[in-house]
Amino acid sequence: MSENQFDYVKPKFLNEALDIISKSVNPFILAGGTDLIDMIKEGIVQPDMVVDLKGIEQFNQITFKNDILTIGAGVTFSQLIVSKVIKDNFPIIAELSRTVASVGIRNRATMIGNICSAVPCMDSGPLLTSYEAMIILAGPKGERKVSAENWFINSRKTAIEKGEIVTGISIPYPGKHAGCFVKLGRYEGEDLAQVNLVILALSDGNFRVSFGSVAPVPVRAKKIENLINGKTISHTLIEDAFNIIEEEIKPITDIRASKEYRMHMAKIMFERGLNAALSRLNGAGPEYGISVI
Amino acid sequence: MKKEINFILNGEKVNLEVAPGEILLEVLRDKLGVKSPKCGCNKGDCGTCTVMLNGKTVRSCLVLAIEVNDQEVVTLEGIMHSGLTPLQESFLKHNSFQCGFCAPGMILSATELLGKNPKPEKREIQEAIAGNLCRCTGYSPVIDAIIDLTN
Ligand code: FES
Ligand code: FES
């Protein structure tokens, strides 16, 4: 791969990293490398500078303070799976992380990398819109935060600006809650999603519902939430929600599945995910990590 | 624009110069003569290029050689310094491989699993090797061998 001529640095401090990217023509940030290195090899991107974030220690941390969970830019999916704070307070994050590709990828791939690549089938998108997470950026003008809802602009396009680095994600704790991540792949283990869905059931009777892979960006299904919030979930209510799903998501046909199949499965996934989230909220239901489809 | 890197490979210090664009898999195979990691898909999907980086399995086709500077890399050669491991013996007994192309990666993934979880359930074994594709065996003899070893 010697035809890829770029320089490589592994700074120890954020300021150093920002300084380097401000001086480079086409810098790329390297965290887990599972997307970037593939894209470099394929010639999709041609960096002149690769800035490896793994030397910046603070990026390696998961913290939970004042009801805010912060996931650093270097935290891998494998770290999210074994983290005790996540298991105790946000088990759905571990449930989701366990479905991302395979162990050998999860040992390197980061959630922040996932949302910076922002391919429509990413798993983290619907999670972050349901949790109303904030993406934290550092740049030449200091720090800023962007809500997950405003972060995803289009397929592979995010709100990041030139010279900026995503340093982490912050996720506000929504009070005692339960949830369910549902992912449709072609087979269990290592596949990209054809449809994915995150449902949170909050203890005040409200819900948060987001779909992924069914549009260029994750879809927070507010119309469905408005329909079911505060209500007892009945079969008729779910049938009504099915009709709204048809309005809220626009799946496409591609190499992995047809739009009709995706739409059909989105409804089944919604029903099962909702039931699982509700029963988990009441201390029952399938253990986190057990697929409901 | 070559840079010098130092790392531990299978317990020994290695020092060489690489260009930042060089891929770990190619450096291991072509410059260092370590042939157990194989190039299957070259894009992270098949697991034949699996090596351990600081004790965790990674896809060496998706690692820059320069990233392992000051780190520790172990390949299949490194875990069988003193002969076949009990896991490998069990694979042998169960005739777990046919062509063997997937074997180095499969063995490393299973080794990592057993290090974390000496008594995995079948579901956990399946999850651990889900990223190691095998075209020959249908996985059953691989899973049987791991279960047999842990009983
Ligand atoms: S060659 Fe690296 S995963 Fe297939
Ligand atoms: S034995 Fe041939 S690929 Fe697994």
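Residues numbered from 1 in each chain as written. Chains lettered and ligands numbered in written order. Predicted model: local features only at pLDDT ≥ 70, side-chain atom pairs only at ≥ 80, totals over all residues. Heavy atoms only, no water.

According to the stated counting rule, one finds 24 salt bridges over all chains in the structure shown. Ionic pairing is found between Glu149 of chain A and Lys222 of chain A, a salt bridge with its closest N-O pair at 3.6 Å. Of the two residues, Glu149 of chain A sits in helix α9 (residues 148-151) while Lys222 of chain A sits in helix α10 (residues 222-228), which places them 73 residues apart along the sequence. What makes Lys222 of chain A partly exposed here is its relative accessible area of 38%. Connected through shared salt-bridge partners, Asp52, Lys54 and Arg108 of chain A together with Glu67 of chain B make up one network. (Salt bridge = Lys/Arg side-chain N within 4 Å of Asp/Glu carboxyl O. Helix = DSSP H or I, 4+ residues; strand = E, 2+ residues; numbered from the N terminus. Buried < 20%, exposed > 50% of the residue type's maximum accessible area, 1.4 Å probe, protein only.)

Residue and element names in this part refer to chain B. By the element assignment, Pro86 lies in helix α3 (residues 86-93). Its relative accessible area of 57% is what places Pro86 among the exposed residues. For Pro86 and Gly33, which are 53 residues apart along the polypeptide, the C-alpha to C-alpha distance reads 26 Å.

Residue and element names in this part refer to chain B. Assigned domains of chain B: these are domain 1 (3-79) and domain 2 (86-150). Computed over C-alpha atoms, the centres of domain 1 and domain 2 are 22 Å apart. With 19 residues of domain 1 at the contact, the number on the domain 2 side is 13 residues. In this assembly, domain 1 and domain 2 are joined by 0 salt bridges. Counting across the domain 1 and domain 2 interface gives 5 residue pairs in polar contact (both at pLDDT 80 or more). Where the side of domain 1 that touches domain 2 is concerned, the elements lending two or more residues are β3 (50-53), β4 (56-59) and α2 (76-79). (Domains from an automatic or database assignment. Contact = heavy atoms within 4.5 Å. Polar contact = N/O pair within 3.5 Å; in protein donor to acceptor, adjacent residues only side chain to side chain.)

All names here are of chain A. Inspection of the secondary structure puts Leu96 in helix α5 (residues 91-97). Leu96 gets classed as buried once you look at its relative accessible area, which sits at 0%. Sequence separation of Leu96 and Cys180 is 84 residues, and the distance between their C-alpha atoms is 8.7 Å.

Now for the sheet that holds strand β3 (residues 49-52) of chain A. All names here are of chain A. Taken in spatial order, the 3 strands line up as β1-β3-β2 in an open sheet, and their pairing is parallel. In the strand order of this sheet, the two ends are held by β1 (7-9) and β2 (27-30), each with one partner. Along the sheet, successive strands turn relative to each other by an average axial angle of 20 degrees, direction set aside. Judged from the 4 bridges that link them, β2 and β3 form a sheet pairing that is parallel. Paired with Leu30 across the two strands is Asp52, which belongs to β3. In the packing of helix α1 (residues 14-23) onto the sheet, contacts are made with β1, β2 and β3, and the angle to β3 comes to roughly 170 degrees. (Pairing = 2+ DSSP bridges. Axes fitted to C-alpha atoms, helices over the stretch in contact; angles between N-to-C directions.)

Contact with chain A, which involves 29 residues of that partner, is made by 30 residues of chain B. For the pair chain A and chain B, the two sides together bury roughly 2500 Å², of which 51% comes from carbon and sulfur. On inspection of chain A and its partner chain B, the count reaches 7 salt bridges. For Arg106 of chain A, the salt bridge goes to Glu127 of chain B, with nearest N and O atoms at 3.2 Å. Across the chain A-chain B interface, the total number found is 13 residue pairs in polar contact (both at pLDDT 80 or more). (Buried area = accessible area lost by both parts, 1.4 Å probe.)

Helical geometry: 3.6 residues make up each α-helical turn, so side chains three or four residues apart lie on a common side. Taken together, the buried positions of helix α6 (residues 140-150) of chain B are Pro141, Val142, Ile143, Ala145, Ile146 and Thr150 of chain B. The elements touched by buried residues of α6 of chain B are α3, α4 (103-116) and α5 (122-128) of chain B.

Turning our attention to the sheet that holds β3 of chain B. Note: strands within a sheet are paired through backbone hydrogen bonds, in either parallel or antiparallel orientation. All names here are of chain B. As summarised here, the arrangement of the 5 strands in space is β2-β1-β5-β3-β4, forming an open sheet in which the pairing is mixed. Edge strands, defined here as strands with exactly one partner in the open sheet, are β2 (12-18) and β4. Within the sheet, the average angular offset between the axes of one strand and its neighbour, ignoring direction, is 40 degrees. Across 7 bridges, the pairing between strand β1 (residues 3-9) and β2 is antiparallel.

Residue and element names in this part refer to chain A. Among the nonpolar cores identified, the biggest contains 84 residues, and Leu80, Ile93, Met111, Leu127, Leu128, Trp151 and Ile171 are the most heavily contacted of them. Among the elements that take part in this core, α1 stands out by supplying 5 residues, more than any other. When neighbours within four sequence positions are excluded, Ile93 is seen to be in contact with Leu69, Leu80, Ile86, Met111, Leu127 and Ile171. Within the second largest apolar cluster, 35 residues are counted, among which are Cys180, Ile244, Ile245 and Met263. (Core = buried A, V, L, I, M, F, W, Y, C linked by side-chain atoms within 4.5 Å.)

All names here are of chain A. Counting buried positions along strand β10 (residues 165-172) yields 7 of 8 residues, so the element is predominantly enclosed. Summarising the sheet, strand β5 (residues 68-72) and β10 pair through 5 bridges and their orientation is antiparallel. Bridging from a neighbouring strand, Thr70 pairs with Ser170 of β10. Note that strand β6 (residues 134-139) and β10 share 5 bridges and pair antiparallel. The residue bridging Ile136 from the neighbouring strand is Gly168, located in β10.

The next subject is the side chain of Arg208 of chain A. Residue and element names in this part refer to chain A. Counting through the fold element by element, Arg208 comes out in strand β13 (residues 207-212). Engagement of the side chain of Arg208 in a polar contact is seen with the backbone oxygen of Ser130, the distance being 2.9 Å. Apart from the residues lying within four places of it in its own chain, the contact partners of Arg208 are Ser130, Tyr131, Glu132, Pro174, Val198, Ile199, Leu200, Leu202, Arg220 and Glu225.

Residue and element names in this part refer to chain B. With respect to the helices and strands, the residue Thr137 is situated in the loop between α5 and α6. Only 3.1 Å separates the side chain of Thr137 from the backbone nitrogen of Tyr139, close enough to count as a polar contact. Those residues within four positions of Thr137 in sequence are excluded, and the remaining contacts are Ser96, Phe97, Gln98 and Val142.

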